[in-house]
Number of protein chains: 2
Amino acid sequence: MGDLACIRSLDLFSDLTDAQFAQVISCIENRSYSKEEFLFHEGDRASRIFVLKSGRIKLFKNSWDGKELILAFLTPDSIFGEDAVFSGETYSASAMAVEDSCALVFTRSNIERILLENPGIAVKVIENLSRRLYKSTNQVSDIAFRDARGRLASALLRLSSEYGKPSREGTVIDLNLTHQDIANIVSLSRTTVTNLLLDLRDNELITIKNHRIILKDQARLADWVR
Amino acid sequence: MGDLACIRSLDLFSDLTDAQFAQVISCIENRSYSKEEFLFHEGDRASRIFVLKSGRIKLFKNSWDGKELILAFLTPDSIFGEDAVFSGETYSASAMAVEDSCALVFTRSNIERILLENPGIAVKVIENLSRRLYKSTNQVSDIAFRDARGRLASALLRLSSEYGKPSREGTVIDLNLTHQDIANIVSLSRTTVTNLLLDLRDNELITIKNHRIILKDQARLADWVR
């Protein structure tokens, strides 16, 4: 598939006519990022909106003493940066490629024009922001309300609903996550996460294979959430 | 000001022509809520989007053991419920009137038609969602990263930027907040919050007058955030 066809196939543009698509594409910059390259840093003035074309991006915040909180792993078709650009602020988190990635880049003035001329795209941006706000609300209440077990179980179920793929053994969370990554999602120490994962494995709720977590029994895992 | 003029003056509709406004208004339900009445409960199927016309709404989540986490106090012109409606889910939080309030209510199919026909409204919904996602990201990292002092200071600065009004003594946070409310914003116990507020007052960083917190020195308060 050629590059233009690949862009054309993104969900964001799926309802555009060819003429509308040609107009939209004329003001987009197409950029590649190597693994571990930053797209932007928390605190940078927010001037660009991104649509991920291929690869995977980690969205995260750092504390002043070096702790990391992972907000999301973004997969192709994700829109990001728009929350900061449209609230007229600096980026509230950093974005780093965790694999070699390609993204479409819009300036604020370009995206505003595109949204006003293509309300179908605006509705998709609203849907995307809605899903992110929904997840963010659940992440904040998980961290505020739940003990370590509940937080981990809730996060695994959330990751499964986003990145889950069915397999013979259960639902595979299709992300290459280290124990430290998981600790950075649920705001716990790596040691606590390692012990809890062993506990989950011994209880036959999960297996881990090729750095991927497989949920064997989501109903029993949901019992852990409280 | 008549009711229609009051609706016309909402920021959401400010760019519409009279004809567009007439069309939008024809499919809106206008509802009143008494103090402490719920607009929706966490877990309800999300079918309605709200625009607050007057009053004040508390958006919050409850844990299974009765703890409360306050996500936002919504003031007139706020849009809410759209995150749940557009992510096709149940409401992720409850909305309760903390004063007698009036809201405009849209169904999902109505709002989709309005957005597609009035992209200027769609851009405003995107701006609103962006601001809420931005705040939610900061709330989650405050709770994940900061100690009790830092969380409280960060929350007071955030409340000040949203609800702050200048006065002779400093910036008044124009919300009638109990210590328990503040505890429910920062996810700390009421006792801890009371002690920290006394500490802030003794250090002449805040005063409290008529149930309102006045920030006397935001620069020194920002030093508390770390």
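Residues numbered from 1 in each chain as written. Chains lettered and ligands numbered in written order. Predicted model: local features only at pLDDT ≥ 70, side-chain atom pairs only at ≥ 80, totals over all residues. Heavy atoms only, no water.

(A) The arrangement of the domain arrangement of chain A in detail. Residues and elements named next belong to chain A. Each assigned domain of chain A is listed with its residue range as follows: domain 1 (3–143) and domain 2 (146–225). Put simply, the middle of domain 1 and the middle of domain 2, counted by C-alpha atoms, are 26 Å apart. Contacts between domain 1 and domain 2 engage 13 residues on the former and 15 residues on the latter. For domain 1, the biggest contributors to the area lost against domain 2 are Phe73, Asp142 and Ile143; these three give 46% of the whole. In this structure, the salt-bridge partner of Asp142 is Arg146, at a minimum N-O distance of 2.7 Å. For the pair domain 1 and domain 2, the number of links is 9 residue pairs in polar contact (both at pLDDT 80 or more). Of all the elements in the fold, those that place two or more residues in the side of domain 1 that touches domain 2 are strand S5 (68–74) and helix H5 (119–145). In terms of residue count, the dominant contributor to the side of domain 1 that touches domain 2 is H5 (6 residues). (Domains from an automatic or database assignment. Contact = heavy atoms within 4.5 Å. Buried area = accessible area lost by both parts, 1.4 Å probe. Salt bridge = Lys/Arg side-chain N within 4 Å of Asp/Glu carboxyl O. Polar contact = N/O pair within 3.5 Å; in protein donor to acceptor, adjacent residues only side chain to side chain. Helix = DSSP H or I, 4+ residues; strand = E, 2+ residues; numbered from the N terminus.)

(B) Expanded view of the state of the cysteines. Residues and elements named next belong to chain B. Here the structure, examined in full by the defined rule, presents 0 disulfides over all chains. Free of any disulfide, Cys27 has its nearest cysteine sulfur in Cys6, 17 Å distant. Exposure remark for Cys27: the relative accessible area of 16% places this residue in the buried category. (Disulfide = S-S within 2.5 Å. Buried < 20%, exposed > 50% of the residue type's maximum accessible area, 1.4 Å probe, protein only.)

(C) Broad picture of the environment of His41 of chain A. All names here are of chain A. Note on placement: His41 falls in the loop between strand S2 (38–40) and strand S3 (48–54). Distance in space between the C-alpha atoms of His41 and Tyr91 is 6.9 Å, their sequence separation being 50 residues. Among residues more than four places away in sequence, those in contact with His41 are Tyr91, Ala93 and Ser94.

(D) Molecular detail of the pattern of salt bridges. Summed over the entire model, instances satisfying the criterion amount to 40 salt bridges over all chains. With a shortest N-O distance of 3.6 Å, Asp11 of chain B and Lys124 of chain B are connected by a salt bridge. Of the two residues, Asp11 of chain B is situated in the loop between helix H1 (3–8) and helix H2 (18–25) and Lys124 of chain B in helix H5 (residues 119–145); the sequence distance between them amounts to 113 residues. Residue classification places Asp11 of chain B among the partly exposed positions, given a relative accessible area of 41%. A relative accessible area of 12% places Lys124 of chain B in the buried class. Within this structure, Asp11, Asp15 and Lys124 of chain A form a network of salt bridges that share partners.

(E) The interface of chain B and chain A, seen in detail. The partner chain A presents 45 residues to the 45 residues of chain B that form the contact. Both sides of the chain B and chain A interface together cover about 4000 Å² of buried area, and 74% of this is carbon and sulfur. Taken as a group, Leu133, Tyr134 and Phe145 of chain B account for 19% of the area that chain B buries against chain A, more than any other trio of residues on that side. Put simply, Glu127 of chain B and Arg108 of chain A hold a salt bridge, and the shortest N to O gap is 3.5 Å. Taken together, the links from chain B to chain A amount to 8 residue pairs in polar contact (both at pLDDT 80 or more). Those elements that place two or more of their residues in the side of chain B that touches chain A are strand S4 (57–62), strand S5 (68–74), helix H3 (82–86), helix H4 (108–117) and H5 of chain B. The greatest single-element share of the side of chain B that touches chain A, amounting to 22 residues, is contributed by H5 of chain B. When grouped by side-chain class, the residues that make up the side of chain B that touches chain A number 20 nonpolar, 13 polar and 12 charged. (Nonpolar A, V, L, I, M, F, W, Y, C, P; charged D, E, K, R; others polar.)

(F) Expanded view of the environment of Ile206 of chain A. All names here are of chain A. Note that Ile206 resides in strand S11 (residues 206–209). With a relative accessible area of 0%, Ile206 lands in the buried category. Expressed as a C-alpha distance, the spacing of Ile206 and Thr192, which sit 14 residues apart in the sequence, is 16 Å. Setting aside its immediate chain neighbours within four residues, Ile206 contacts Leu197, Leu200, Arg201, Ile213, Ile214, Leu215 and Lys216.

(G) Quick peek at the nonpolar core. Core analysis: the biggest nonpolar cluster contains 92 residues, and Phe13 of chain A together with Phe13 of chain B have the highest contact counts within it. Of all hydrophobic cores here, the second largest spans 30 residues; its members include Leu159, Ile182, Leu196 and Val225 of chain A. (Core = buried A, V, L, I, M, F, W, Y, C linked by side-chain atoms within 4.5 Å.)

(H) Fine view of the packing of helix H7 (residues 179–186) of chain A against helix H8 (residues 190–202) of chain A. Residue and element names in this part refer to chain A. Relative orientation of the contacting elements H7 and H8 amounts to 105°, with a least axis distance of 8 Å. Comparing the axis directions of H7 and H8 gives the class roughly perpendicular. Residue-level inspection shows His179, Gln180, Ile182, Ala183 and Val186 of H7 in contact with H8, the latter providing Arg190, Val193, Thr194 and Leu197. When its residues are assigned to classes, the contact of H7 with H8 shows 5 nonpolar, 3 polar and 1 charged. (Axes fitted to C-alpha atoms, helices over the stretch in contact; angles between N-to-C directions. Parallel < 35°, antiparallel > 145°, perpendicular 65-115°, else oblique.)

(I) Representation of the packing of aromatic side chains within the structure. All names here are of chain A. Tallied over the entire structure, the rule returns 12 aromatic pairs over all chains. Between Phe50 and Phe80, the aromatic rings sit 5.4 Å apart at their centres with planes inclined by 15°, giving stacked as the arrangement. Of this pair, Phe50 sits in strand S3 while Phe80 is found in strand S6 (residues 79–80), placing the two residues 30 residues apart along the sequence. Neither Phe50 nor Phe80 differs from the other in exposure class; each is buried. (Phe/Tyr/Trp six-rings, centres within 6.5 Å; stacked < 30°, edge-to-face > 60°.)

(J) Representation of the layout of surface pockets in the model. Of the pockets and cavities examined, the second largest pocket occupies roughly 810 Å³. For the second largest pocket, the lining is made up of 41 residues, of which Ala72, Leu74, Arg132, Lys135 and Glu162 of chain B are closest to its centre. When residues of the lining of the second largest pocket are traced back to their parent elements, those giving at least two are H5 of chain A together with S5, strand S6 (79–80), H3, H5 and helix H6 (148–163) of chain B. In terms of residue count, H5 of chain B provides more of the lining of the second largest pocket than any other element does, 8 residues in total. Considering only residue class, the lining of the second largest pocket consists of 20 nonpolar, 8 polar and 13 charged. (1 Å grid on protein atoms, 1.4 Å probe; cavity = no way out; pocket = protein on both sides within 12 Å on 5 of 7 lines; lining within 4 Å. Points joined across faces, edges and corners; volume = space filled by probe spheres on them.)

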